[in-house]
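Overview (structure and organization)
Spelled out, the chains give:
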Amino acid sequence: MAFVNGIRVHYTRAGSGPLVVLLHGWPQTGLCWRDVLEPLAADYTVVAPDLRGYGLSDKPPTGYDKRQMAADMAELVRALGFERAAVVGHDRGARVAHRWALDRPEQVERLAVLDVVPTREMFRRLDASVASGYWHWLFHLQPDLPERLVAHDVRGYLEYFFERWTYNRHGLDPDAVDSYVRAFSRPGALRAGFDDYRAQEQDLALDDADAAMGRRLTMPVLALWGSVGLPARLPTLDIWREYAENVTGAQIPDCGHFIAEERPDALLDHLRGFLAEGRNR
């Protein structure tokens, strides 16, 4: 545990060397990186936190805009004694990572974003196809109702996504699913996870302001997405090139949304090359 930005943040740490921070998405915790963390730790200090509101981290009633959540991570890096980090973000964690890199480009030296497009673009492109894939955003945005409906069957709700968003439709490892169900069954956890989505007005206002000022990501960016993930419906690489100066990327075959758990070896291949470029500069 680390006390940063007014809250306690739980994290897993392994290895030594330059820092790599792995940020999970919804509906998961830092556990989602279990097959990636140890292999990367052979060459790096790897830290996988539970974001504000998730897992064993605190679940305060406020602070779920991505600027605040990114500030949590920035303070965590400093608390661990580092000045800079390479950051890998999946799903909601990628949105935190994107804001972190915009607000503190001197701290984020390389950025990998997994199975997302920028929040601003998702709403700009909200046609029937995108809405059918991202319907849960609109549900999670509603006040109070998601907690009331989901609380009666947390497992059933989460397993719906673990099945529908995976390539093989067998879902994820049962032990991991059990851990996620326990995490989201804790007091305040459902509300905090939905509040992550409900912060979209603040998040979009910041994104629109950055776009109006022409601010783009200046560090190298790697965009990866699953062949049947939601971003596969969009020109993901072209979209990220509108938001960053130096973007490479690839689609991972036979993969859904949960890249680190469905295709960890393929993810490691991409990350090792991307991270090594930073070490060899």
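Above: the structure in question.
These lines cover the structure that appears in this document, whether it is placed above or below.

Thresholds applied
Residues numbered from 1 in each chain as written. Predicted model: local features only at pLDDT ≥ 70, side-chain atom pairs only at ≥ 80, totals over all residues. Heavy atoms only, no water. Axes fitted to C-alpha atoms, helices over the stretch in contact; angles between N-to-C directions. Helix = DSSP H or I, 4+ residues; strand = E, 2+ residues; numbered from the N terminus. Parallel < 35°, antiparallel > 145°, perpendicular 65-115°, else oblique. Left-handed = near helix turned anticlockwise from the far one by under 90°. Contact = heavy atoms within 4.5 Å. Nonpolar A, V, L, I, M, F, W, Y, C, P; charged D, E, K, R; others polar. Pairing = 2+ DSSP bridges. Buried < 20%, exposed > 50% of the residue type's maximum accessible area, 1.4 Å probe, protein only. Core = buried A, V, L, I, M, F, W, Y, C linked by side-chain atoms within 4.5 Å. Salt bridge = Lys/Arg side-chain N within 4 Å of Asp/Glu carboxyl O. Phe/Tyr/Trp six-rings, centres within 6.5 Å; stacked < 30°, edge-to-face > 60°.

**Comments concerning the packing of helix α8 (residues 154–164) against helix α9 (residues 174–185)**
In contact at an axis separation of 10 Å, α8 and α9 are set at 130° when each is read in the N-to-C sense. When the axes of α8 and α9 are compared, the pair comes out oblique. Crossing geometry of α8 relative to α9 is assigned as right-handed. Contacts between α8 and α9 involve V154, R155, L158, E159 and F162 from the former and V177, D178, Y180, V181, F184 and S185 from the latter. Its residues placed into classes, the contact of α8 with α9 shows 7 nonpolar, 1 polar and 3 charged.

**Focus: the sheet that holds strand β7 (residues 108–114)**
In space, the 7 strands of this open sheet follow the order β3-β5-β4-β6-β7-β8-β9, with mixed pairing throughout. Edge strands, defined here as strands with exactly one partner in the open sheet, are β3 (11–14) and β9 (247–252). Taking the axes of each pair of neighbouring strands and ignoring which way they run, one obtains an average angle of 15° across the sheet. In the sheet, strand β8 (residues 221–226) pairs with β9 via 6 bridges, with the strands oriented parallel. By the bridge assignment for β9, L224 is matched with A250. The strands touched by helix α14 (residues 264–279) within the sheet are β4 (19–23), β6 (85–90), β7, β8 and β9, with β7 carrying the most contacts at an inclination of about 160°.

**A short note on the pairing of strand β5 (residues 45–49)**
Remark: a regular strand shows side chains that alternate across the two faces of the sheet. Among the 5 residues of β5, 5 are classified as buried, and the element is accordingly described as predominantly covered. By the alternation rule, side chains of β5 split into T45, V47 and P49 and V46 and A48, which are all buried. In this sheet, β5 lies alongside β3 in antiparallel orientation, the contact comprising 4 bridges. Looking at β5, one finds that Y11 is bridged to P49. For β4 and β5, the ladder comprises 3 bridges, and the chain directions are parallel.

**Points about the nonpolar core**
Within soluble globular proteins, side chains that are nonpolar generally end up buried alongside one another. Of all hydrophobic cores here, the largest spans 101 residues; its most connected members are W33, W100 and L111. With near-sequence residues (within four places) excluded, W33 lies in contact with L22, L23, H24, A48, V88, H90, L114, A260 and L267.

**Notes on the pattern of salt bridges**
Under the counting rule described, the total for this entry stands at 22 salt bridges. In this structure, D203 and K66 form a salt bridge, with 2.9 Å as the shortest nitrogen-oxygen distance. In this pair, D203 is assigned in helix α11 (residues 200–212) and K66 in helix α2 (residues 66–79), connecting sequence segments 137 residues apart. Since its relative accessible area comes to 6%, D203 is described here as buried. In this structure K66 comes out as buried when scored by relative accessible area, which is 5%. When the shortest N-O distance is used, the salt bridge between R92 and D196 registers 3.1 Å. With R92 in helix α3 (residues 92–103) and D196 in helix α10 (residues 189–198), this pair connects stretches of sequence that are 104 residues apart.

**Section: the packing of aromatic side chains**
Summed over the entire model, instances satisfying the criterion amount to 18 aromatic pairs. Consider the rings of W135 and Y160, whose centres lie 6.2 Å apart with planes at 80°: the pair is edge-to-face. Taken together, the positions of W135 in helix α6 (residues 135–140) and Y160 in helix α8 put the pair 25 residues apart, joining distant regions of the chain. Since its relative accessible area comes to 32%, W135 is described here as partly exposed.

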